[in-house]
Amino acid sequence: MNSIHDMGGMHGFGAIEPEQDEPVFHHRWQGRVYAMAMYTPVPVPGGFRYMIEKMSARTYLTSSYYEKWLHARTQGMLESGYIQAAELAEKIAWFTANPDAPVPERHDAEATRKALSRKAPAAVAGDSNQTPLFDIGRQVRARNIHPPAHTRLPRYVRGRCCTIDAHLGDWPVDDTPPAGQPHAIEPLYRVRFEARELWGDDAEANNALYIDMWQSYLEPL
Amino acid sequence: MNSIHDMGGMHGFGAIEPEQDEPVFHHRWQGRVYAMAMYTPVPVPGGFRYMIEKMSARTYLTSSYYEKWLHARTQGMLESGYIQAAELAEKIAWFTANPDAPVPERHDAEATRKALSRKAPAAVAGDSNQTPLFDIGRQVRARNIHPPAHTRLPRYVRGRCCTIDAHLGDWPVDDTPPAGQPHAIEPLYRVRFEARELWGDDAEANNALYIDMWQSYLEPL
Amino acid sequence: MSDTHHHTHSSADAEIRAKALESLLIEKGLISTDLIDEVVRQYEEDIGPLNGARVVARAWTDPDYREWLLRDGTQAIADMGYHGREGSKIVVLENTASVHNLVVCTLCSCYPWPVLGLPPNWYKSYAYRARAVREPRKVLSEFGLILSEDIEVRVWDSNSEVRYLVLPEQPAGTETLSSEQLIALVSRDSMIGVAHANGPV
Amino acid sequence: MSDTHHHTHSSADAEIRAKALESLLIEKGLISTDLIDEVVRQYEEDIGPLNGARVVARAWTDPDYREWLLRDGTQAIADMGYHGREGSKIVVLENTASVHNLVVCTLCSCYPWPVLGLPPNWYKSYAYRARAVREPRKVLSEFGLILSEDIEVRVWDSNSEVRYLVLPEQPAGTETLSSEQLIALVSRDSMIGVAHANGPV
């Protein structure tokens, strides 16, 4: 979807401000949100990123990084029915009234060991039935698509021409699949866009953009 | 510039919510801001719209329409030196402490009559030295530009093909001109983009986009 | 939920900043209270969609005027006494049985002030600006206007100084109405293109 | 002014919402306190840019490992014991005298966790995500890295599941340093591509 998250090439975000000696987590709750987001064994309906991308543009821009993660995990639990809106509201009200109250604890060393040794559930290379259509060095074009759900084909490369740089094997396409369907598995390419192709006369000197494109993102010239 | 204001085609802004029996101005200050923005005889450096587009994306999205106008007029007076930051801060502090205090008045019926009868200072057709390059019916492409300042060539049409629909005469180009230079005057065209050219397979049926393009926005195929 | 109506800067803050600015402009002699008062009064009382409705009703009943209006909107509209800011060139778009026109401004909120006054909030909303060019039929359907796919939808993005006014179709059965009765049928929304003109009551 | 560091939702609100969620997940038996504690501890103590620095230092001193790392980053990195989330395929990008690589993720903030840990705020900032692909030289110059136009800048937008790690050039005059001394020269920023490795002290 063409939401605010797809911000490659935009103006209007000011300067980059590195922080000296930055801690991994600035607040204790951020680390706990990170762990809950990654290790709660319940998938987020539609996908974690899509849940974040569906936030309104203003909420997205006014929420910090781990607030977005908290939103995605919480909303995912609500939508998958594991948590009810009423009980969540009740808990929030209770901690608002009792901000120093401890969170209940549950200990299970064995489950923890298992969860941490499990291989990450992230996408891994699969087998596609598609023959790679494009040889290395071939000029192709990124398709001009505007799907209403999650895609990994960002706006700033759509419709622009690029060169196939490498074959990366077969991978599940990360876009939100049509309802009820699994993720398609397609050849993945590394492609190269010349900066002038992306930014015209406003491009900086001697630079290029590399990005990974599934086969269905590309069309012959 | 590719700021958040250039939002044609974006997702993430929710539903359109018409208001029944909407007043012209919802608050008294809005009408007064409108009048000050339009009738204070001091140009906003760089242009009124550019001043708004330079707001950060978050400030833009969290400011209402007339707050943006208030920002552009105020910031313009500061940057042109008619108002000093300190005196503005002092006034704001004073009205914060005295919210019901009246604003001073100045009456000048003659100047008011003159200001209202003056022709709008907006751009009017001028004379270009450029011959129109494109005949009606010709296929051309909107250029892929990413200028750092104001432009009227929105992102969603850049790089896409269109048909010349009409010649609209010669007009000053509204883009922020290079420092110290006046606005160029160029032939202006009305062009037509087929919806599929803009949105690919995600386009709705049987629709097209008409938009006005200065000659330098277009390139031959 | 719309992004437009809920904002974090409170209107009270804006009011204070507006008062501060007005005070400084007045004290420095850059504007007069009369001028501000009169501009506000004009847009609240004189310059509004009734102007456009008069133009439309005249075009419905006067074929010569209709031809002029479609050929040179600016002059034909000036003939009714309407001109000024955001009206230096106005183009009138004719809705027909086969073509429906819809006006938007994606970059800001350009609008033909002399004939429609200042735009409503929905026209200025981020949702309308973002969506009208990409999914005009869906937007129209949310306004209650479901158009057959036979009808070509033309979206006009007002990005230059040209402003656009839609000439809606005259509703069937209104041929014998008076000018005043016709004017009453022409809503603001029908001249933006998100509605038809109203039928006879 | 950055849009990232100032946000209207207060951290206190987020803390309360996070506690509410944790309480419910614990009460429902969906996660254990130990697991949350241990994940936080791992990222705070074990999984960070020191891992990547060890990989880089080994590549600097072992030509066979360097060749393996550039040919199959995932396996060569796994050989050092680093793998897991956001590391199912890691590609290593070699900076040379004529090519400089810079990694960004415009759509979110993808980052090679097993070798660099969790990303710093600036990498997640809207400014970096928006600007790195359009004006990489300007971005690099703000980090103090002014590159001659002879050097090709390659920007890598991590949009698929592949993650990228930059192999910085070994600074001149460090050929005789010990492995531990070399590791100390390899900053996080040099493995993202916004800095060179540090010179000998």
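Residues numbered from 1 in each chain as written. Chains lettered and ligands numbered in written order. Predicted model: local features only at pLDDT ≥ 70, side-chain atom pairs only at ≥ 80, totals over all residues. Heavy atoms only, no water.

Quick notes on the environment of C:Lys28
Tracing the chain through its elements places C:Lys28 in the loop between α1 (11-27) and α2 (33-46). Taking the C-alpha atoms as reference, C:Lys28 lies 56 Å from C:Ser98; in sequence the two are 70 residues apart. Residues within four places of C:Lys28 in sequence aside, it is in contact with B:Tyr82, B:Ile83 and B:Glu87. Side-chain polar atoms of C:Lys28 contact the backbone oxygen of B:Tyr82, separated by 3.3 Å. (Helix = DSSP H or I, 4+ residues; strand = E, 2+ residues; numbered from the N terminus. Contact = heavy atoms within 4.5 Å. Polar contact = N/O pair within 3.5 Å; in protein donor to acceptor, adjacent residues only side chain to side chain.)

So, the side chain of B:Arg49
Inspection of the secondary structure assignment puts B:Arg49 in helix α2 (residues 48-53). Here B:Arg49 occupies a buried position and makes no salt bridge, while the nearest side chain of opposite charge, C:Glu86, is found at 4.9 Å. Discounting residues that sit within four places of it in the chain, B:Arg49 has contacts with B:His150, B:Arg152, C:Cys108, C:Cys110, C:Asn159 and C:Arg163. (Buried < 20%, exposed > 50% of the residue type's maximum accessible area, 1.4 Å probe, protein only. Lys, Arg positive; Asp, Glu negative; His and termini not counted. Salt bridge = Lys/Arg side-chain N within 4 Å of Asp/Glu carboxyl O.)

A look at the sheet that holds strand β5 (residues 218-220) of chain B
With mixed pairing, the seven strands of this open sheet are ordered in space as β5(B)-β1(B)-β2(B)-β3(B)-β4(B)-β3(C)-β2(C). Across the chains shown, the open sheet's two edge strands, defined by having one partner strand only, are β5 of chain B together with β2 (99-104) of chain C. In this sheet, adjacent strand axes meet at a mean angle of 35° when their direction is disregarded. Note: strand β4 (residues 207-214) of chain B against strand β3 (residues 152-157) of chain C, five bridges, orientation parallel. The residue of β3(C) that forms the bridge with B:Ala208 is C:Arg154. (Pairing = 2+ DSSP bridges. Axes fitted to C-alpha atoms, helices over the stretch in contact; angles between N-to-C directions.)

A word on the domain arrangement of chain A
Often the size quoted for an interface is simply the accessible area lost on bringing the parts together. All names here are of chain A. The domains assigned to chain A are domain 1 (28-117) and domain 2 (139-220). Summarising the inter-unit geometry, the C-alpha centres of domain 1 and domain 2 are found 31 Å apart. With four residues of domain 1 at the interface, the matching set in domain 2 holds five residues. Interface of domain 1 and domain 2: buried area, both sides summed, is about 370 Å²; carbon and sulfur atoms make up 50% of it. It is Arg49, Tyr50 and Glu53 in domain 1 that bury the most area against domain 2; as a group they hold 91% of the surface buried on that side. For the interface between domain 1 and domain 2, the tally reads one residue pair in polar contact (both at pLDDT 80 or more). Its residues placed into classes, the side of domain 1 that touches domain 2 shows one nonpolar, one polar and two charged. (Domains from an automatic or database assignment. Buried area = accessible area lost by both parts, 1.4 Å probe. Nonpolar A, V, L, I, M, F, W, Y, C, P; charged D, E, K, R; others polar.)

Regarding helix α2 (residues 33-46) of chain D
Over its 14 residues, α2(D) runs 19 Å from end to end, which matches the ideal 20 Å to within 8%, given 1.5 Å per residue. Listed in full, the buried residues belonging to α2(D) are D:Thr33, D:Asp34, D:Leu35, D:Ile36, D:Glu38, D:Val39, D:Val40, D:Gln42 and D:Tyr43. (Expected span 1.5 Å × (residues − 1).)

Side note on the packing of aromatic side chains
One pass over the full model with this rule turns up 50 aromatic pairs over all chains. Taking the centre distance of 5.4 Å and the plane angle of 65° together, the rings of B:Tyr34 and C:Trp113 count as edge-to-face. Taken as a pair, B:Tyr34 in helix α1 (residues 28-39) and C:Trp113 in helix α6 (residues 113-116) lie in two separate chains rather than in one. Chaining the aromatic ring pairs together yields one cluster made of A:Phe25, A:Tyr34, A:Phe48, A:Tyr65, A:Tyr66, A:Trp69, D:Tyr43 and D:Trp113. A cation over an aromatic ring shows up here: B:Lys68 above the ring of B:Tyr60, its NZ or CZ 4.4 Å from the ring centre. For C:Arg85, the ring lying beneath its charged end belongs to B:Tyr39, and the centroid distance is 4.1 Å. (Phe/Tyr/Trp six-rings, centres within 6.5 Å; stacked < 30°, edge-to-face > 60°. Lys NZ or Arg CZ within 6 Å of the ring centre and 35° of its normal.)

Things to note about the interface of chain A and chain D
At the junction of the two partners, chain A supplies 96 residues and chain D supplies 86 residues. Between chain A and chain D the total buried area reaches about 8600 Å² when both faces are included, carbon and sulfur atoms providing 60% of it. Of all residues in chain A, the largest losses of buried area upon contact with chain D belong to A:Ile16, A:Arg32 and A:Arg106, amounting jointly to 9% of the total for that side. If you look at where chain A meets chain D, you find seven salt bridges. Across the salt bridge formed by D:Arg17 and A:Glu67, the nearest N and O atoms sit 3.4 Å from each other. On the surface where chain A and chain D come into contact, there are 48 residue pairs in polar contact (both at pLDDT 80 or more). If you list the elements that add at least two residues to the side of chain A that touches chain D, you get α1 (28-39), α3 (57-62), α4 (65-79), α5 (85-97), α6 (109-117), β2 (161-172), β3 (185-194) and β4 (207-214) of chain A. Its residues placed into classes, the side of chain A that touches chain D shows 54 nonpolar, 21 polar and 21 charged.

Re the pairing of β3(A)
Residues and elements named next belong to chain A. Summarising burial for β3: eight of the ten residues are buried, a large majority. Pairing of β2 with β3, which is carried by seven bridges, proceeds in the antiparallel orientation. Paired with Thr163 across the bridge in β3 is Arg192. Two elements, β3 and β4, share seven bridges in a ladder whose sense is antiparallel. Bridging from a neighbouring strand, Val191 pairs with Ile211 of β4.

Concerning the packing of helix α6 (residues 109-117) of chain B against α2(C)
For any two helices packed against each other, one specifies the crossing angle of their axes together with the interaxial distance. Close contact between α6(B) and α2(C) brings their axes to 9 Å; oriented N to C, the two are set at 45°. It follows that α6(B) is oblique to α2(C) by the angle criterion. The two elements α6(B) and α2(C) meet at a crossing, and its hand is right-handed. For the pair α6(B) and α2(C), contact is made by B:Ala109, B:Thr112, B:Ala115 and B:Leu116 and by C:Asp34, C:Leu35, C:Glu38, C:Val39 and C:Gln42, respectively. In the contact of α6(B) with α2(C), the residues fall into five nonpolar, two polar and two charged. (Parallel < 35°, antiparallel > 145°, perpendicular 65-115°, else oblique. Left-handed = near helix turned anticlockwise from the far one by under 90°.)

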